[in-house]
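Residue-level structural notes
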Amino acid sequence: MNTIISKYNSYLKNLFLYFGASLIPMLLSLASNPLIAMNMSPEDYAITGYYTSFSTLLSPLVVFYMIHYYTKRYFEVSGEDREKLRALLLKSLIYFSGIISFFCLVGLWGYIKLFNCNSSIPFFPYALLTVLSLPLTGVYNLMLIDYRMGRESSKYFKIATYAGITSIALTLLFVVVLKCGAFGKLLGSLLANLIFFTYSCYHYRSLFKLNFEKKEFKVMIRFCAPLTVAAMLGFFSNGYDRVFLERLGNNTELGFYVVGVQMAAYINVFQTAIGNTFQPDLFQAIVERNKRKLWKVIGLLVGSTACIVAVYIFAAPLVVKILTAGRYMASVKYTQIIALSTLTSAMYYSISQITIALGKSRITLINKILTTVCSIALFSYLINHYQFIGAAWGMVLSFLLSLLGNFVLLQLGRKYSFFNH
């Protein structure tokens, strides 16, 4: 009996700390949001929303899903081998990600010039600030995953809280105090990422002495390549909507839509805290082939998210009124719909993690290719017929398409070896 109580006390402690690491910055963000809303126009929100939407496409390529390789290997190795693996990730996330981010910036510039040259949203400096932020997140996320997989929730709490507070403080400085609008919003994020990238490199300074394992790097790249492509295709579930909507030429309504997306994103704080708590147990249950524990963890993850989404939808009008000082009430209808995408994405996330842990990265890639084609057609139809409301429902339905596709391919994997890689 004492053992059971002790076990669940540990879960509750970890949940509290993971939740607290997100809750404290979130509360500060909530408190500061009316100030930011009063100092940013709908056009400012349209600019930040447009370029940050590309992060869904470019971020997986820049960090190349290497963190997921680390989580997969974490319980498979130990001691010196884990330290070598950690050193490999550190150097790859600095040098490899830095090179890739340069090509991403060039590619984004080429896209704007060739396919969207009539856009009312300028390329410089917003695209530069957005892309440069991406490679700075890798090493920091490596440190967080180390704390999470090692169940060092207290250390995770401290560093994640400091990072969140720093980001909010810099945003307030540049947006509210210095009145820099969209430029200040993106610059604040960039500087916050730079500060904690520097700290993370210092934290792992001893790893720079270890040799770069070229053989392991090639294995990692082969494993991560399909996952990276699949994650990039996730842009068509969350990001493509804003790029498509920008072409409608209504930046004011796009600003209201972006605010709706940002308001709904607060739910992810709760969902992420729950996911962080149970992620080690999810991977461990899969490695141990403990199906009962696996489905129990998934049930807790999805069920908790569903409760949070239901509460948010009911409270959305009041939430938007308070957090935007009443300036963006037109965003309510969007945020209520988009909130449902948090639930459908949590459902997809659960089955996707199972697929990754089983080492079936080919399934993830095939699924994303198939569902991306369907998502593009879905968004095109919904936006052409229902514009911004259609885009919101597209986000919800696109994750359901991914969930269904992944499930079907896992079943096919039992019969056909082609899928089992």
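The written sequence of each chain sets the order in which its residues are numbered from 1. The predicted origin of the model limits local features to residues at a pLDDT of at least 70 and limits the giving and counting of side-chain atom pairs to 80 or more, whereas totals for whole chains, interfaces and linings rest on all residues. Remark: hydrogens and water are excluded; side-chain values derive from all non-hydrogen atoms of the structure.

1. Let's talk about the overall build of the chain
Across its full length, the chain holds 16 helices and zero strands. For a compact globule the rule gives 2.2 Å times the number of residues to the power 0.38, and the radius of gyration it is set against comes from C-alpha atoms. Here the chain has a C-alpha radius of gyration of 21 Å; the compact-globule value for 421 residues is 22 Å, and the two agree. Its C-alpha atoms give the chain principal-axis dimensions of about 55 × 50 × 45 Å. Using a 1.4 Å probe on the protein chains alone, a residue whose accessible area is under 20% of its type maximum counts as buried, one over 50% counts as exposed, and one in between counts as partly exposed. Taking all 421 residues of the chain together, the buried fraction comes to 55%. Nonlocal contacts in the chain, meaning residues at least 24 apart in sequence, comprise 82% of its contacts between residues at least 6 apart. Residue exposure ignores everything except the shown protein chains as possible cover, and the areas themselves are Shrake-Rupley values with a 1.4 Å probe. For the chain, the computed accessible surface area is about 18900 Å², with 67% contributed by carbon and sulfur atoms. Under this rule, positive means Lys or Arg and negative means Asp or Glu; His and the chain ends count for nothing. To locate a charge, take NZ of a lysine, CZ of an arginine, CG of an aspartate or CD of a glutamate. Measuring between centres, the 36 positive side-chain charges of the chain sit 4 Å from its 15 negative side-chain charges. By definition, any uninterrupted DSSP run of H or I lasting at least four residues is a helix, any uninterrupted run of E lasting at least two residues is a strand, and each is numbered from the N terminus. By the convention used here, residues are in contact when the closest approach between their heavy atoms is within 4.5 Å.

2. Digging into a nonpolar patch on the surface
Any residue with relative accessible area above 30% and no salt bridge may belong to a patch, with like charges joined within 9 Å and the nonpolar Val, Leu, Ile, Met, Phe, Trp and Tyr side chains within 5 Å. Any Lys or Arg side-chain nitrogen located within 4 Å of an Asp or Glu carboxyl oxygen qualifies as a salt bridge. Nonpolar side chains collect at one region of the surface, where Ile99, Phe102, Phe103 and Val106 lie side by side and expose about 430 Å² of accessible area between them. Locating phenylalanine 102 in the fold gives a position in helix H5 (residues 79–115).

3. Remarks on the packing of aromatic side chains
Note on aromatic contacts: the rings of Phe and Tyr and the six-membered ring of Trp form a pair at centre separations within 6.5 Å, being stacked when their planes are under 30 degrees apart, edge-to-face when over 60 apart, and tilted otherwise. Applying the stated rule across the entire model yields 23 aromatic pairs. On the numbers, 5.4 Å between centres and 90° between planes, the contact of phenylalanine 64 with phenylalanine 96 is edge-to-face. Residue phenylalanine 64 is found in the loop between helix H3 (55–63) and helix H4 (66–74), and its partner phenylalanine 96 is found in helix H5; the two are separated by 32 residues along the sequence. For phenylalanine 96, a relative accessible area of 23% puts it in the partly exposed group. Feature note: the residues Tyr50, Tyr51, Phe54, Tyr111, Phe235, Phe236, Tyr240, Phe244 and Phe379 constitute an aromatic cluster, connected by ring pairs.

4. A word on the packing of helix H2 (residues 42–53) against helix H12 (residues 251–264)
The N-to-C vectors of H2 and H12 enclose an angle of 65°; their axes lie 7 Å apart at closest approach. Along this stretch, H2 crosses H12, giving a crossing that reads as left-handed. Contacts from Pro42, Glu43, Tyr45, Ala46, Thr48 and Gly49 of H2 reach H12 at Asn251, Thr252, Leu254, Gly255, Val258, Val259 and Gln262. Residue classes follow a fixed rule: Ala, Val, Leu, Ile, Met, Phe, Trp, Tyr, Cys and Pro count as nonpolar, while Asp, Glu, Lys and Arg count as charged, and any other residue, Gly among them, counts as polar. Split into classes, the residues belonging to the contact of H2 with H12 amount to six nonpolar, six polar and one charged. For helices, the fitted axis covers only the stretch in contact; all axes are lines through C-alpha atoms, and the angles between them, taken along N-to-C directions, range from 0 to 180 degrees. Crossing handedness: left-handed means the near helix sits turned counterclockwise from the far one by under a right angle, and right-handed means the same turn made clockwise.

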